[in-house]
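The lines below spell out each chain.
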Amino acid sequence: MDVFQIEGPVQLSGSVSINGSKNASLPIMAAAILTGGKSILKAVPNLSDISVCGELLSQLGCTVSKNANGDLCIDSTVVDNPVGDYEIVRRMRASICILGPLLARCGRAEVSMPGGCAIGDRPVDIHIRGLRQLGAQIHLKNGYIIAEAPNGLQGCDIFLGGPFGSTVLGTANVLMAAVMAKGKTVIESAACEPEVADLANCLNKMGAKITGIGSPRLTIEGVEQLQPVEFQVIPDRIEAGTFMVAAAITKSELRLRNCRLDNMMAVVDKLRNIGVTVDSADDGCVVACNGRVRPADITTHPFPGFPTDLQAQFMALLALADGNSVIVEKIFPDRFMHLAELNRMAANLRKEGSAVIVAGVKKLIAAPVMASDLRASAALVLAGLAAEGTTVVNRVYHIDRGYERIEEKLNPLGAKIRRENV
Ligand code: EPU
């Protein structure tokens, strides 16, 4: 199992290119199921989650390969096994987003019910409710969601809100089912995340008729057939936000290329409020910080609010702020596995329900720590860049799920991270 040995504190400088978005790529890969031909996806990052998704599509019958340019090619001419196996779904919850496209393409699907994970319960009740409203018959058997629509799906008006607001993959699932349903579907309380908009844009390029993209009301006119496409996924706003925090926590200046600030306004606003400069530049931005950051109050919300996927990284940053901050988690109220690990590095964090009081400290001190989920492990790497001594981050496979060789991106900028297999 790989671990990171991170020597700190370091200063960073230079320029880094942000990858295509993982969370946009996964549902777009699932959308390829709908076309019955060979789609070419550009800028899909090289991550373990993407490989798992490729494996899943192969099991369905698709052929998944890379061309000479490194683009991902998905040929869905054959989809003859509409089953999402437990062995794959338990490795990646996002596998659930094949349910909608399989129903639309094959009229049936069996997908293992995802369990909870380190960041919370993560139910899929809203996905199922939305698909049922489109006419699918759905029941649970042996831990599998069995969905059938022998007479096809029928467009309708669907309210897709839940106790924590909208759902990203729930919207993706229902949208992918609705594009080939008969008649018109309106999804109200749709997720507005840029990754959902990217999926909708890709579906429209395939021939779907979706309007209201990026808004909470999506209107879909069903079509009979979709064509394969060539499509480039958007840059990863969470990877970009992680590198912005890397600049801030090391009091450094970094240039980010392939980064879209218009998808990150809540994050940029927060950074500017705590004393970090973020200036847009060609194809990206320059992020600079020349001292201790000011404290801040952060509450996570669905887009365009502050993303839960950057909560842990900002906690690492605010742990070193000049004063007290409060971080409230409104999407996954238990997503605080990083807290105890950061405290092992001499942070002063106290959980109160779904909030954390962050009492800023002057320095962090290196320690062996345990990565628990993708974003929590990113927070530990960031803390390790600023902490005094050698931080050892265990279970690096969590970070490999969402960051492509993060040490190979950070080391040329001045980080001292060694990957070791122990
Ligand atoms: N929810 C329900 N019922 C549902 C679905 C969701 O109650 O049927 C709740 C969830 O428990 C949560 C809230 O609704 O409280 C929002 O969850 P959402 O469904 O939006 O999450 P997701 O679609 O499963 C995606 C990202 C996550 C990201 C969340 C929130 C992908 C592959 N995953 O998950 O990304 O945190 O949206 O923005 O797109 C990550 O990349 O590290 C990651 C966890």
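Bear in mind the structure is a predicted one, so any value in this text is a computation, not a measurement. Numbers given to residues run from 1 along each chain, matching the order in which its sequence is written. Note on the predicted model: pLDDT of at least 70 is required for a residue's local features to be given, and 80 or more for side-chain atom pairs to be given and counted; whole-chain, interface and lining totals, by contrast, use all residues. Computation of side-chain values covers all heavy atoms of the structure but excludes hydrogens and water.

Let us now look at the packing of helix 8 (residues 237–249) against helix 10 (residues 311–318). Axes here refer to lines fitted to C-alpha atoms; in helices the fit is confined to the stretch in contact. Angles between the N-to-C directions go from 0 to 180 degrees. Runs of H or I in DSSP of at least four residues are treated as helices and runs of E of at least two as strands, each being numbered from the N terminus. Here helix 8 crosses helix 10 at 5°, and the two axes come no closer than 10 Å. As summarised for this structure, helix 8 and helix 10 are arranged roughly parallel, according to the angle between their axes. Mapping the contact onto sequence places Ile238, Thr242, Val245, Ala248 and Ile249 in helix 8 and Gln313, Phe314, Ala316 and Leu317 in helix 10. Looking at the contact of helix 8 with helix 10, its residues break down into seven nonpolar, two polar and no charged. If an angle is under 35 degrees, it is roughly parallel; if it is over 145, roughly antiparallel; if it lies from 65 to 115, roughly perpendicular; otherwise it is oblique. Contacts are assigned to residue pairs that have any heavy atoms within 4.5 Å of one another. Charged means Asp, Glu, Lys or Arg here, nonpolar means Ala, Val, Leu, Ile, Met, Phe, Trp, Tyr, Cys or Pro, and polar covers whatever is left, Gly included.

Looking now at the packing of helix 1 (residues 22–31) against helix 7 (residues 194–206). To describe two helices that pack against each other, one gives the angle between their axes and the distance between the axes. Where helix 1 contacts helix 7, the axes come no closer than 8 Å and their chain directions differ by 30°. One finds that helix 1 runs roughly parallel with respect to helix 7. As for how helix 1 packs across helix 7, the hand of that crossing is right-handed. Contact residues: Asn23, Ala24, Pro27, Ile28 and Ala31 in helix 1; Glu195, Asp198, Leu199, Cys202, Leu203 and Met206 in helix 7. When the near helix sits turned anticlockwise from the far one by under a right angle, the crossing is termed left-handed; a clockwise turn instead gives a right-handed crossing.

A few words on the domain arrangement of the protein chain. Where a domain begins and ends is set by an automatic assignment or by a domain database. The domains assigned to the protein chain are domain 1 (2–16 + 236–421) and domain 2 (24–230). One C-alpha centre belongs to domain 1, the other to domain 2; they are set 31 Å apart. With 18 residues of domain 1 at the contact, the number on the domain 2 side is 14 residues. Simply put, the buried area is the total loss of 1.4 Å probe accessible area from both parts when two parts are fitted together. Surface buried jointly by domain 1 and domain 2 totals about 1,500 Å² across both partners, of which 56% is contributed by carbon and sulfur atoms.

This part is about the pairing of strand 8 (residues 137–141). Being paired, for any two strands, means DSSP has found at least two bridges between them. Where strand 8 meets strand 9 (residues 144–148), five bridges bridge the pair, whose relative direction is antiparallel. For Gln137, the partnering residue across the bridge sits in strand 9 and is Glu148. Linkage of strand 8 to strand 9, two consecutive antiparallel strands, is achieved through a turn of two residues, within which Asn142 is found at a positive phi near 50°.

The subject of this paragraph is the site of the ligand. Around the ligand sit 22 residues in total, of which Asp125, Ile126, Thr167, Asp309 and Ile331 are the nearest. Any N or O atom pair separated by 3.5 Å or less is treated as a polar contact, with the protein-specific requirement of one donor-capable and one acceptor-capable atom, and with residues adjacent in sequence counted only for side-chain atom pairs. One of the backbone N or O atoms of Ile126 is found 2.7 Å from an oxygen atom in the ligand. Here an oxygen atom of the ligand sits 2.8 Å away from a polar atom, N or O, in the side chain of Arg375. Throughout, the Shrake-Rupley method with a 1.4 Å probe supplies accessible areas, and for residues the shown protein chains are the sole cover considered. Taken by itself the ligand offers 830 Å² of open surface, and the protein chains cover 91% of this. Classifying every residue of the shell around the ligand gives 11 nonpolar, five polar and six charged. Of the residues that make up the shell around the ligand, three or more belong to each of domain 1 (2–16 + 236–421) and domain 2 (24–230). Residues are classed as near a molecule or strand on a simple rule: at least one heavy atom within 4 Å of it.

It is worth spelling out helix 9 (residues 265–273) at this point. Burial in helix 9 covers these residues: Val267, Val268, Lys270 and Leu271. Taken end-on, helix 9 shows its buried residues confined to a sector of 160°, consistent with a single buried face. In this structure, the buried residues of helix 9 make contact with helix 8, strand 16 (277–281), strand 18 (297–299) and helix 10. Phi turns positive, to about 105°, at Gly275, one or two residues after helix 9. Each residue's exposure class comes from its accessible area (1.4 Å probe, protein chains only) as a fraction of the maximum for that residue type: buried when under 20%, exposed when over 50%, partly exposed otherwise. Summarising the geometry, the arc corresponds to the directions from the helix axis toward the C-beta atoms.

Note on aromatic contacts: the rings of Phe and Tyr and the six-membered ring of Trp form a pair at centre separations within 6.5 Å, being stacked when their planes are under 30 degrees apart, edge-to-face when over 60 apart, and tilted otherwise. Counted by the stated rule, this structure contains one aromatic pair. Plain terms: the ring middles of Phe306 and Phe314 are 4.9 Å apart, the flat faces sit at 85° to each other, and that makes the pair edge-to-face. Owing to a relative accessible area of 4%, Phe306 belongs among the buried residues under this scheme. With relative accessibility at 0%, the residue Phe314 sits in the buried group.

The subject of this paragraph is helix 11 (residues 337–344). Within helix 11, the full set of buried residues consists of His338, Leu339, Glu341 and Leu342. Buried residues in helix 11 make contact with helix 10, strand 20 (348–352), strand 21 (355–359), strand 22 (368–370) and helix 12 (374–386). Count one or two residues on from helix 11 and you reach Ala346, which has phi positive near 80°.

This part is about the sheet that holds strand 14 (residues 230–232). Ordered in space as 4-5-3-14, the four strands form an open sheet in which the pairing is mixed. Lying at the two open borders of the sheet, with one neighbouring strand each, are strand 4 (63–66) and strand 14. The mean inter-strand angle of the sheet, taken between neighbouring strand axes irrespective of direction, is 20°.

Next up on the list: the environment of Ala149. If you trace the backbone, Ala149 turns up in the loop between strand 9 and strand 10 (157–159). Ala149 gets classed as buried once you look at its relative accessible area, which sits at 4%. Distance from Ala149 to Leu131, taken between C-alpha atoms, is 9.7 Å for residues 18 residues apart in sequence. Aside from chain neighbours lying at most four places away, what touches Ala149 is Leu103, Gly107 and Ala136.

As summarised here, the arrangement of the four strands in space is 22-23-1-24, forming an open sheet in which the pairing is mixed. With one partner strand each, in any of the chains shown, strand 22 and strand 24 (416–421) form the two edges of the open sheet. Within the sheet, the average angular offset between the axes of one strand and its neighbour, ignoring direction, is 25°. Bridging between strand 22 and strand 23 (residues 389–394) involves three bridges; their strand directions are parallel. Across the sheet, Val369 pairs through a bridge with Val393, a residue of strand 23.

A 1.4 Å probe that fits but cannot get out identifies a cavity on a 1 Å grid over protein atoms alone, an open set with protein on both sides within 12 Å along at least five of seven lines counts as a pocket, and a residue lines either if it has an atom within 4 Å of a point. Grid points are joined across faces, edges and corners, and a volume is the space filled by probe spheres set on the points. Roughly 240 Å³ of internal volume is contained in the second largest pocket. Forming the walls of the second largest pocket are 19 residues, and the residues nearest its centre are Ile249, Lys251, Leu320, Lys362 and Ala386. Among the secondary structure elements, those contributing two or more residues to the lining of the second largest pocket are helix 8 and helix 12. Split by residue class, the lining of the second largest pocket holds 12 nonpolar, two polar and five charged.

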